[in-house]
Amino acid sequence: MVPRARWGAREPKGINYMQTPVPHLFIHHTAMGECSDFDSCSRMMRAIQNFHMDDRGWDDIGYNYLIGGDGRVYVGRGWNRVGAHTYGFNSVAIAFSLMGDFTRKVPSDLMLNATKQMIKCAENGNYVKTDYKLHGHRDAKCTECPGSAFYALIQKWPRFEGGPLPGYTC
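Residues numbered from 1 in each chain as written. Predicted model: local features only at pLDDT ≥ 70, side-chain atom pairs only at ≥ 80, totals over all residues. Heavy atoms only, no water.

Operational definition: UniProt positions are given in the numbering used here, feature names are shortened, and annotations may be inferred rather than shown by experiment.
As annotated in an unreviewed UniProt entry, the chain is N-acetylmuramoyl-L-alanine amidase from Araneus ventricosus. Turning to the chain, the UniProt record has this under Sequence similarities (unreviewed entry): "Belongs to the N-acetylmuramoyl-L-alanine amidase 2 family."

Okay, structure coming up:
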């Protein structure tokens, strides 16, 4: 796991804490190019954080954790901070975002294994409820996220619930 200081994170503008365990876990993709090593993934993390903070006006990078093409997990907001990833669910969900565009292809086995390990960490660390539900971002908002190819894959994962969820808008 790559801590914020190691990938060069900016300080957040503000921090809101959430009560864990939460009932939802969301899967996203960044819909950007992919990264393949620590340096390129760290650059991508900084670019995402800058976009979220400077262009979107958010307090910090939106996701709790991001998974790079190098198989590393990069700390975004961490386990217990409210994110800005899924409108209407930010305070009751943890979000993992895989760096890349997975509309036409699925993430690498390295990325998928890291994601599954993070889901296990969420379960074992009591960050998600025992009966939590797994969703793709598109289950809560009119979006292609986490990409059609990746979404078809996560539909086969344990705890997948799908959508549309209450509050869904398109």
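### Some words on the pairing of strand 1 (residues 22-29)
Going by this rule: In this scheme, a residue with accessible area under 20% of its type's maximum is buried, one over 50% is exposed, and one in between is partly exposed, where area comes from a 1.4 Å probe on protein chains only. Numbering of helices and strands starts at the N terminus; helices are DSSP runs of H or I of at least 4 residues and strands are runs of E of at least 2. Only strands joined by at least two bridges in the DSSP assignment are considered to pair.
Within strand 1, seven of the eight residues are buried, which leaves the element mostly enclosed by the surrounding structure. Sheet topology note: the strand 1/strand 5 (residues 128-136) ladder contains five bridges and is parallel. When the sheet's bridge partners are listed, His24 is paired in strand 5 with Lys133. Two elements, strand 1 and strand 4 (residues 93-98), share six bridges in a ladder whose sense is parallel. Paired with His28 across the bridge in strand 4 is Ser97.

### Some points on the UniProt feature "domain: N-acetylmuramoyl-L-alanine amidase" (unreviewed entry) in the chain
When the UniProt feature table is mapped to this numbering, "domain: N-acetylmuramoyl-L-alanine amidase" (unreviewed entry) covers residues 10-147. With 25% helix and 21% strand, residues 10-147 has end C-alpha atoms that lie 28 Å from one another.

### Focus: the sheet that holds strand 5
Backbone-to-backbone hydrogen bonds pair the strands of a sheet. The strands run either parallel or antiparallel. Worth spelling out the cut-off: In this description, a line fitted to the C-alpha atoms serves as the axis of each element, helices being fitted only across the stretch in contact, and the angle between N-to-C directions of two axes falls anywhere from 0 to 180 degrees. Residues count as neighbours in contact if any of their non-hydrogen atoms are within 4.5 Å of one another.
Within the open sheet, the five strands sit side by side as 3-2-4-1-5. Their pairing is mixed. The open sheet is flanked by strand 3 (73-75) and strand 5, the only strands paired with a single partner. Strand-to-strand twist in this sheet, taken as the mean axis angle between neighbours without regard to direction, amounts to 25°. Pairing between strand 2 (residues 65-67) and strand 4: three bridges, direction parallel. When the sheet's bridge partners are listed, Tyr65 is paired in strand 4 with Phe96. Sitting on the sheet, helix 2 (residues 38-55) touches strand 2 and strand 3, and the angle it makes with strand 3 is about 35°. Together, strand 1, strand 2, strand 3, strand 4 and strand 5 form the strand contacts of helix 3 (residues 109-124), whose direction differs from that of strand 5 by roughly 150°.

### Details of the UniProt feature "domain: Peptidoglycan recognition protein family" (unreviewed entry) in the chain
According to UniProt, the feature "domain: Peptidoglycan recognition protein family" (unreviewed entry) maps to residues 2-141 in the numbering used here. Between the end C-alpha atoms of residues 2-141 the distance is 29 Å, and the span holds 27% helix and 21% strand.

### Things to note about the side chain of His29
Selection rule: Two N or O atoms form a polar contact when they lie within 3.5 Å of each other; inside protein one atom must be a possible hydrogen donor and the other a possible acceptor, and for residues adjacent in sequence the pair counts only when both atoms belong to side chains.
Take His29: it is sitting in strand 1. When its relative accessible area of 5% is taken as the criterion, His29 is described as buried. Within polar-contact distance, the side chain of His29 engages the backbone nitrogen of Phe102 at 2.9 Å. Polar side-chain contacts of His29 include one of 3.3 Å to the backbone oxygen of Pro146. Sequence-distant contacts of His29, defined by excluding residues within four places in its chain, comprise Tyr63, Ser97, Leu98, Gly100, Asp101, Phe102, Thr103, Cys145, Pro146 and Gly147.

### Looking at the state of the cysteines
Filter applied, for reference: Throughout, a disulfide means two cysteine sulfur atoms within 2.5 Å of one another.
Summed over all chains, the structure comprises two disulfides. The partner cysteine of Cys35 in its disulfide is Cys41, sulfur to sulfur 2.1 Å. Residues Cys35 and Cys41 share a disulfide whose torsion about the S-S bond is about 90°; that sign makes it right-handed. Assessed through its relative accessible area of 4%, Cys35 is described here as buried. Within the chain, bonded cysteines paired by disulfides and numbered along the sequence follow the pattern 1-2, 3-4. Note on Cys121: no disulfide assigned, nearest cysteine sulfur contributed by Cys41 at a separation of 19 Å. Classification of Cys121 as partly exposed rests on a relative accessible area of 37%. This cysteine, Cys145, is not joined by any disulfide, and Cys142 carries the nearest cysteine sulfur, 12 Å off.

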